[in-house]
Amino acid sequence: SKSYNITLLPGDGIGPEVISVAKNALQLVASLEEFEVAFEEMPMGGAALDAVGVPLPDETLKSAKQSDATLLGAIGGYKWDNNAKHLKPETGLLQLRKGLQVFANLRPATVLPQLVDASTLKKEVAEGVDLMVVRELTGGIYFGKPRGFSTDENGEEIGFNTEVYATYEIDRIARIAFETARKRRGKLCSVDKANVLEASMLWRKRVTALASEYPDVELSHMYVDNAAMQLVRNPKQFDTIVTNNIFGDILSDEASMITGSIGMLPSASLGASGPGLFEPIHGSAPDIAGQDKANPLATMLSAAMLLKYGLGEEKAARRIEAAVLDTLNRGFRTGDIHSAGHKLVGCKEMGEEVLKSIDSKTPAA
Ligand code: NAD
Ligand code: IPM
Ligand code: MN
């Protein structure tokens, strides 16, 4: 039978808690769908800094490159916040994304009928929202040069970064976005700051130029400040959003709250070829770490994206997605999505309930 190698990077904070739950789910759906999974757990982020002194050990990157897909929990925490740049957990994550060349980060935000009440938006605004943020992940201000610290002509200390995009970087993420929109509802909104930033002016020019190759996709453009406002005014206007690295980071956290919690949002990071990286969009949540309070569903759904986009095991992916819905239908809620009339559970118990749902539900073929 088929066999896959999966690299697991639990990382820091709630990372290990949500990864252990998702690992069990992957194991179970693999046995039900009759394929093998072999896990290799590697240090990453603060855990790697503590163990070996760097946030992304060579062996960890090597494992991610050689496996069929990587599932990451989260990295970061107070302990390492004042580290020098190259010794920050976050730097390790950026090195991992760059090392795997996963330039396309898909972040779906779907308001589940079961969780409409968990949204901070009014029911009529939130219900039915189903959007996809396509975030550029290996370029822009996160990686642009020059960057650094220096002093200005007055001897003032300065910190500086560069927002830069090359045509090829814009074209390849735009193509992924047009193709994503084509498979969804055929609407693509490109979000930029082309009224101010040269990198955005080029972004808009290239996205507009490519649109002629996708006549079936309806393209619009929006400035990022307006997009942030429109997301909470009327999120149902959006189908697929394509944007740069930093705007995508911010808008996806904003979009997550429409769905009820950042603890619900998965992501897939994909390159032109080679293995993908799958991770919840949330961080290590140091405020609740080690307390068995984390919502593991974002990581469960990231595991489902891993199965679908990373391994092509769509049935196994659907088993996890169906089990998540079934568990919510049965009334189980972690604290972040809890409301009156539901059963408040911790991370572990939520995971166990999802496993029970996987066992008892066979999704339609
Ligand atoms: P965060 O996403 O970790 O937490 C923000 C808030 O959301 C917190 O109140 C947290 O308790 C809550 N939250 C997050 N995930 C949750 C979950 N699964 N269930 C329930 N509640 C959840 O963002 P932050 O506090 O700004 O960052 C904390 C650390 O995480 C920082 O070191 C940051 O750099 C890092 N970070 C890492 C990643 C990543 O690994 N991909 C992403 C974002 C932030
Ligand atoms: C995310 C995180 C990361 C990012 C940080 C931790 C480097 O916020 O995955 O959204 O900014 O991309
Ligand atoms: Mn983020």
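Residues numbered from 1 in each chain as written. Chains lettered and ligands numbered in written order. Predicted model: local features only at pLDDT ≥ 70, side-chain atom pairs only at ≥ 80, totals over all residues.

1. A closer look at the overall build of the chain
Here's step 1: Helix and strand content of the chain: twelve helices and 14 strands.
Here's step 2: Rg of the C-alpha trace for the chain: 20 Å, near the compact-globule value of 21 Å for 365 residues, within the 12% margin.
Here's step 3: Along the three orthogonal principal directions, the C-alpha set of the chain runs to about 65 × 50 × 45 Å.
Here's step 4: Residue burial in the chain is summarised as follows: out of 365 residues, 50% are buried.
Here's step 5: Restricting to contacts in the chain with at least 6 residues of sequence separation, those with at least 24 account for 75%. (Helix = DSSP H or I, 4+ residues; strand = E, 2+ residues; numbered from the N terminus. Rg over C-alpha atoms; globule rule 2.2 N^0.38 Å. Buried ≥ 20, exposed ≤ 12 C-beta atoms within 10 Å, placed from the backbone. Contact = placed C-beta atoms within 7 Å.)

2. Describing helix 11 (residues 314-329)
Here's step 1: Taking 1.5 Å as the rise per residue, helix 11 with 16 residues should run 22 Å; its terminal C-alpha atoms sit 22 Å apart, in good agreement.
Here's step 2: Regarding helix 11, the residues found buried are Ala316, Ala317, Arg319, Ile320, Ala323, Val324, Thr327 and Leu328. Around the axis of helix 11, the buried residues are gathered within 165° of arc, so they sit on the same side.
Here's step 3: On its buried side, helix 11 packs onto helix 1 (15-33), helix 10 (297-310), strand 13 (332-333) and helix 12 (347-360).
Here's step 4: With its phi angle positive at about 95°, Gly331 sits one or two positions after the end of helix 11. (Expected span 1.5 Å × (residues − 1). Arc of directions from axis to C-beta.)

3. Brief notes about unusual backbone geometry
Here's step 1: Cis geometry marks the peptide bond from Lys145 to Pro146; its omega dihedral reads 5°.
Here's step 2: Within the fold, Pro146 resides in the loop between strand 5 (130-136) and strand 6 (148-151).
Here's step 3: The phi dihedral of Gln101 is positive, around 55°, even though this residue is not glycine.
Here's step 4: Mapped onto the elements of the fold, Gln101 is located in the loop between helix 4 (89-100) and strand 4 (104-110).
Here's step 5: Backbone geometry at Asp292 places phi at a positive 55°, although glycine is not the residue there.
Here's step 6: Counting through the fold element by element, Asp292 comes out in the loop between strand 12 (276-278) and helix 10.

4. Details of the nonpolar core
Here's step 1: One finds Ala25, Leu71, Val134, Met300, Ala303 and Ile320 to be the most contacted residues of the largest nonpolar core, which totals 108 residues.
Here's step 2: Examining the composition of this core, we find that nine residues originate from one element, helix 10, more than from any other.
Here's step 3: Ignoring any residue separated from it by four or fewer positions in sequence, one finds Ala25 in contact with Met300, Ala303, Ile320, Val354, Leu355 and Ile358. (Core = buried A, V, L, I, M, F, W, Y, C linked by C-beta atoms within 7 Å.)

5. Considering the site of ligand 2
Here's step 1: Around ligand 2, the neighbouring residues are Gly76, Glu90, Leu93, Leu94, Asp249 and Ile281.
Here's step 2: With three residues, the top contributor of residues to the shell around ligand 2 is helix 4.
Here's step 3: Along the lines of polarity and charge, the residues of the shell around ligand 2 split into three nonpolar, one polar and two charged. (Near = placed C-beta within 6 Å. Nonpolar A, V, L, I, M, F, W, Y, C, P; charged D, E, K, R; others polar.)

6. Thoughts on the UniProt feature "domain: Isopropylmalate dehydrogenase-like" (unreviewed entry) in the chain
Here's step 1: UniProt feature "domain: Isopropylmalate dehydrogenase-like" (unreviewed entry): in the numbering of this structure it lies at residues 5-354.
Here's step 2: Taken end to end, residues 5-354 has its terminal C-alpha atoms 23 Å apart, with 41% of it in helix and 19% in strand. (UniProt positions renumbered as here; feature names shortened; annotations may be inferred.)

7. A short note on the site of ligand 1
Here's step 1: Contacts to ligand 1 come from 21 residues, most closely from Gly76, Gly263, His282, Gly283 and Asn295.
Here's step 2: Taken together, the residues of the shell around ligand 1 break down into ten nonpolar, seven polar and four charged.

8. Quick word on the packing of helix 8 (residues 224-233) against helix 9 (residues 245-258)
Here's step 1: Running from amino to carboxyl end, helix 8 crosses helix 9 at an angle of 10°, the nearest separation of the two axes being 10 Å. Taken together, the axes of helix 8 and helix 9 lie roughly parallel to each other. In contact with Val224, Ala227, Ala228 and Leu231 of helix 8, helix 9 contributes Phe247, Leu251, Glu254 and Ala255. (Axes fitted to C-alpha atoms, helices over the stretch in contact; angles between N-to-C directions. Parallel < 35°, antiparallel > 145°, perpendicular 65-115°, else oblique.)

9. Some thoughts on the sheet that holds strand 9 (residues 218-223)
Here's step 1: Strand order in the open sheet formed by ten strands is 2-1-3-12-11-4-5-10-8-9, with mixed pairing between adjacent strands. Both edges of this open sheet fall to strand 2 (36-41) and strand 9, since each of them pairs with a single strand only. Direction aside, the axes of adjacent strands within the sheet are offset by 25° on average.
Here's step 2: Relative to strand 12, strand 11 (residues 268-270) runs antiparallel, the two being bridged by two bridges. Directly across from Ser269, in strand 12, lies its bridge partner Leu277.
Here's step 3: Lying over the sheet, helix 9 contacts strand 4, strand 5, strand 8 (187-192) and strand 10 (240-243), oriented at roughly 160° with respect to strand 5. (Pairing = 2+ DSSP bridges.)

10. Side note on the packing of helix 3 (residues 58-66) against helix 4
The angle between the axes and the distance between the axes are what describe a pair of packed helices.
Here's step 1: Close contact between helix 3 and helix 4 brings their axes to 10 Å; oriented N to C, the two are set at 40°. Looking at the two axes, helix 3 sits oblique to helix 4. Here the hand of the crossing between helix 3 and helix 4 comes out right-handed. Only Leu96, Gly99 and Leu100 of helix 4 make contact with helix 3, whose side of the interface consists of Leu61, Ala64 and Lys65. (Left-handed = near helix turned anticlockwise from the far one by under 90°.)

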